[in-house]
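Architecture and fold: a report
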Amino acid sequence: MATTVRAVPRGRAAHVLAYHLVGYRRTWRATVFSSFLLPVIYLAGIGLGVGGYVDRGHHLGVAYLSFLAPGVLATTALTIGVEESTYRVFSQFEWDRTYEAMLATPLRVVDLLLGQLAFVVFRALVAVVVFLAVMAAFGTVHSPWAVAVVPVGGLIALACAAPTFAFTATQSSAQGFSVLQRFAVIPVQLFSGVFFPVSQLPAPVRPLAYLSPLWHGVELCRGLTLGTLHPWPALGHLAYLAVWAGVGFALAARTFRRRLVV
Amino acid sequence: MGGDGYLISATGLVKRFGDFTAVAGIDLGVRRGEAFGFLGPNGAGKSSTMRMIGCVSPPSEGRLSILGLDAASHGPQIRARLGVVPQQDSLDVELTVLENLTIYARYFGIPRAVAQRRAAELLDFVQLADRAGDRVEPLSGGMKRRLTIARSLVNEPELVLLDEPTTGLDPQARHLVWERLYRLKQRGVTLVLTTHYMDEAEQLCDRLVVMDGGRIVAEGSPSALIARFSTREVVELRFDLADLDGARGRDIADTLTGLADRVEVLPDRLLLYTADGDATVTAVTDRGVEPMSVLVRRSSLEDVFLRLTGRTLVD
Amino acid sequence: MLSTLLLRVDPRRAGAVVERNVLVHRRGWIVLLSGFFEPFLYLLALGIGLGHLVGSVPAPGGGTVPYPVFVAPAMLAVQAMNAALTETTFNVFGKLKYMRLYDAVLATPVTPTELALGEIGWCLARSGLYSAAFLGVMAVLGLTPSWWAVLAWPAALLIGFAFAALGMALTTFLRSWQDFDYVVVIMMVMFMFAGTFTPLSAYPAWVRPLVELTPLYHGVALTRSLTTGSPDLGALGHVAYLVVCVVLGLWIAARRMARLLLT
Ligand SMILES: Nc1ncnc2c1ncn2[C@@H]1O[C@H](COP(=O)(O)OP(=O)(O)OP(=O)(O)O)[C@@H](O)[C@H]1O
Ligand SMILES: [Mg+2]
């Protein structure tokens, strides 16, 4: 049997990215709240308010605000990663059915995924850049290495988004997302060393925090903005996040295919 | 009951939305046990009137009394005795088919056991008993409509308002609904309905009004309306579309003047209103007009409608 | 005016609205359960975890208390607020605008006031359960030094009632889902700045009157004075403020619901 393998046109994922960027031009205003205003409120509320009491004790070696800010930055990247991968992705499966429409063109499932994940990373990058400027204004940037938190933020978003894409593809109703939010996202946000060092956690549960991608992200961001990062742990954290992104992507490709190619 | 013996009586009823007048002063009287219909083109104000009668839309002007009670001050008491099928289904998508009926009954303060029993009976009545435990969302349009009708009956209403009860149903489902409504009527329930289907109006309604632009333009029984606004028979002459284009259509119509009481030019055919159809057909061929096809039929409400509103009913 | 509205309320019909919600949530029990879970996490992280770094803070009745004892009653109040606001804004908006549920309900004898009361009643039933569980956990963790804490439960119900009424009123002004960003910001700002994490004295003098304006501040101050065992006349002031919120919210909600739905 003779089969013709046609040359695959390149840059198809880029078209998908472009599609999402065009949509974003209409909706970016709404994201200003969740990805910019809320983190600043957190920073001011806990960092300034509670910080005054924390700094009496000198437990951390740095001002509490400087300790907290990079953690909130990493959390913002995670939040965007998850937010963009739940309802938005679900609606493209179920309500708007954009995926179905896209697959009726030469696009492949991996193109959809790559293009949309690139968009998520883009959103995280924008938010992180803005937040970094806010951090500088609060006087919490202590090292020129801090600029490196921008790509790290993108990586955190990717590491969280890819597996969430996979999860969303397996959902038949939107109800699972509030469960995901409460049983996974919120615990991760609260116990990954953002508000207090993981060493405060009871020893038996500490390993759970080390499993969380956010903890690795927080360690990286905090090390960079305080200028205390050492290369070997940094590589370890990066590698761990990369594994989440890679495995997540593979799972997402599988679950997307299972759902869309029937 | 109102002192005037009417179940619904309205005088000078007006409904405005901002500057726009949807219902421009209508008078109505519906008697107990009657099946009363509203006909009219899209936007005529039928649904607006129905919502006022359902006491979910306060009239802007005029007097409206339902079941002998003033609509403005006795909304809950009136609604307790009404059944309502709105134009758009408003089923509770978070509940199952059966629960849609039982919970709705609870809104009327009906005891749980009674609600259960009636819900089961009503599901039988509209032939949905086998879907009792299903979600509402995946039901077909016709099933949802039947469920909405069943829902409107849980409180054993004296008066049922049906806004386009059979729009979107297949012929079989429509006949089922008609048959069910007919049974209700026999039980003495008063029906008020709107429809775009002339056959539905002729089948179900004892009396009807034709609305256009927020006003009532005619009122009477289907046969009285036909007698008054149409002739006994209608000759339909079908032509090639190009033949009826603009001026040529009028030329043909001119050729035929005098052969019928009235000639109506539609995009694809001419209607000749006449007392004796066959005689008219002979006269038409005598004048050398050669249509693609010829049909002689009895006059229907459709013709009344066309005459009164200048529009066909199917849009 | 409100009293005439309330006099005509038939509790059975408002009850039917509650019944509907119970029926729906019997199937979504896992979401319901996750509502129990969330405030505990916040308590553990921001009360106990962060508490190690903070140490003690000034107590409402003078002296100092350990930070977890200080934060826990605030979490109780925040939980009541969150449960009430999410239910009466997000969920009610969905029913109002998208599900056309209320169109169907108002075609029955149920009045807009009964509908609003029913939704609020459901909301209170739910948040009352959460509060009781949360208070129980606080007691187990030793975060309720005083027997006055028992009264924190009705206090949490009152907070829930106030926010549910205000939430219903607010929802009638929302135009699209986009507007919910404002709701989220309002909730977040109150969560962070209504004396939840720090005593009022820690705020700059010019901010304090703003903080005292928020209903959550009064809720937090009330529950905190009860669980730490130092209620005084000020507590009555907080109660009065919350009652005013209830009345105002209900009045606006009932009127606006009628305006929106009975067109
Ligand atoms: N809530 C509203 N606000 C503003 N205008 C309205 C409202 N409801 C109806 N209208 C207007 O009132 C007019 C009459 O509408 P209505 O729904 O009563 O017509 P109808 O006879 O039921 O038409 P259809 O056959 O299409 O159902 C229309 O022009 C409509 O746009
Ligand atoms: Mg209509």
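As named in an unreviewed UniProt entry, chain C is Transport permease protein, taken from Actinocatenispora rupis. UniProt's Sequence similarities (unreviewed entry) comment on chain C is quoted here verbatim: "Belongs to the ABC-2 integral membrane protein family."

In the nomenclature of an unreviewed UniProt entry, chain A is known as Transport permease protein of Actinocatenispora rupis. The annotation that UniProt attaches to chain A under Sequence similarities (unreviewed entry) is "Belongs to the ABC-2 integral membrane protein family."

Some remarks on the overall build of chain C
What chain C contains, in helices and strands, is 11 helices and two strands. Listed N to C, the secondary structure of chain C is α-α-α-β-β-α-α-α-α-α-α-α-α in terms of helices and strands. The C-alpha radius of gyration of chain C comes to 19 Å, within 12% of the 18 Å expected for a compact globule of 263 residues. Within chain C, contacts between residues at least 6 apart in sequence are counted, and of these 78% link residues at least 24 apart. Summed over all atoms, the accessible surface of chain C reaches about 10,200 Å², with 71% contributed by carbon and sulfur. Once the 16 positive and 11 negative side-chain charges of chain C are each reduced to a mean point, those two points are 5 Å apart.

Here we look at the confidence of the model for chain A
With 96% of its residues at a pLDDT of 70 or more, chain A shows a mean pLDDT of 87. Within chain A, no element has a lower average pLDDT than helix H1 (residues 12–57) of chain A, which sits at 81, and none a higher one than helix H9 (residues 213–226) of chain A, at 95.

Quick word on the UniProt feature "transmembrane region" (unreviewed entry) in chain C
In the numbering used here, UniProt assigns the "transmembrane region" (unreviewed entry) feature to residues 29–50, 70–93, 129–149, 155–175, 182–206 and 235–254 of chain C. Within the segment residues 70–93 of chain C, helix and strand shares are 100% and 0% respectively, and the terminal C-alpha atoms sit 35 Å apart.

A few points about the sheet that holds strand E5 (residues 69–70) of chain B
By definition, the strands of a sheet pair up through backbone hydrogen bonds, in either a parallel or an antiparallel sense. Taken in spatial order, the four strands make up an open sheet running E2-E1-E4-E5 (chain B), and their pairing is antiparallel. Among the strands making up the open sheet, the edge pair consists of strand E2 (20–30) and E5 of chain B.

Comments concerning the coordination of the magnesium ion (ligand 2)
Under perfect tetrahedral coordination by four donors, a metal shows angles of 109.5 degrees; under perfect octahedral coordination by six donors, it shows angles of 90 or 180 degrees. All names here are of chain B. Here the magnesium ion (ligand 2) is held by Ser47 (OG) and Gln87 (OE1), and the distances to it run 1.9 to 2.1 Å. Placement of Ser47 in helix H1 (residues 46–53) and of Gln87 in the loop between strand E6 (82–85) and helix H3 (97–107) is noted, with a sequence separation of 40 residues between them. Of the residues examined, Ser47 reaches a relative accessible area of 21% and is grouped as partly exposed. By relative accessible area, Gln87 is classed as partly exposed at 39%.

Some thoughts on the UniProt feature "domain: ABC transmembrane type-2" (unreviewed entry) in chain A
UniProt records the feature "domain: ABC transmembrane type-2" (unreviewed entry) at residues 30–259 of chain A, using the numbering of this structure. What you have in residues 30–259 of chain A is 77% helix and 0% strand, and the ends, taken at the C-alpha atoms, are 30 Å apart.

Remarks on the pattern of salt bridges
A pair can form between side chains of opposite charge whenever their charged atoms are brought close. Residues and elements named next belong to chain B. Going through the model one piece at a time under the given rule, you end up with 34 salt bridges over all chains. The partner of Asp199 in a salt bridge is Arg174, and the shortest N-O contact between them spans 3.2 Å. Linking Asp199 in helix H7 (residues 198–204) with Arg174 in helix H6 (residues 171–186), this pair joins segments that are 25 residues apart in sequence. Using a relative accessible area of 13% as the deciding quantity, one classes Arg174 as buried. Residue Arg238 pairs with Glu236 through a salt bridge whose shortest N-O separation is 3.9 Å. Relative accessible area serves as the criterion here: at 34%, Arg238 is assigned to the partly exposed category.

Quick word on the UniProt feature "transmembrane region" (unreviewed entry) in chain A
All names here are of chain A. The UniProt entry lists residues 32–54, 60–82, 112–139, 145–167, 179–198 and 234–253 under the feature "transmembrane region" (unreviewed entry), expressed in the numbering used here. A distance of 30 Å separates the end C-alpha atoms of residues 32–54, which is 100% helix and 0% strand. Within the segment residues 145–167, helix and strand shares are 83% and 0% respectively, and the terminal C-alpha atoms sit 35 Å apart.

About the criteria used
- Along each chain, residue indices are assigned from 1 in the same order as the chain's sequence is written.
- All chains are assigned letters beginning at A, and all ligands numbers beginning at 1, according to the order in which they are written.
- Predicted model: local features are reported for residues with pLDDT of at least 70 only, side-chain atom pairs are reported and counted for 80 or more only, and whole-chain, interface and lining totals are derived from all residues.
- Side-chain measures here rest on the full set of heavy atoms in the structure, leaving out hydrogens and waters.
- UniProt positions are given in the numbering used here, feature names are shortened, and annotations may be inferred rather than shown by experiment.
- Strands are runs of DSSP state E lasting at least two residues, helices are runs of H or I lasting at least four, and both sets are numbered from the N terminus onward.
- Radius of gyration here uses only the C-alpha atoms, and the compact-globule reference equals 2.2 Å multiplied by the residue count raised to the power 0.38.
- Between two residues, a contact is recorded if the distance between any of their heavy atoms is within 4.5 Å.
- Here the Shrake-Rupley method, with its probe set to 1.4 Å, supplies the accessible areas, and only the displayed protein chains count as covering residues.
- Think of it this way: Lys and Arg go in the positive column, Asp and Glu in the negative one, and His and the chain ends go nowhere.
- Here the site of a charge means atom NZ of a Lys, CZ of an Arg, CG of an Asp or CD of a Glu.
- A score between 0 and 100, pLDDT records how confident the predictor is in each residue.
- Two strands pair if DSSP finds at least two bridges between them.
- Keep in mind that water is not among the atoms, so a site may look incomplete; donors are the N, O and S atoms within 2.8 Å of the metal, or 3.2 Å for Na, K and Ca.
- Residue burial is assigned from relative accessible area. The probe radius is 1.4 Å, only protein chains are included, and a residue is buried under 20% of its type maximum, exposed over 50%, and partly exposed in between.
- Any carboxyl oxygen of Asp or Glu within 4 Å of a side-chain nitrogen of Lys or Arg constitutes a salt bridge here.

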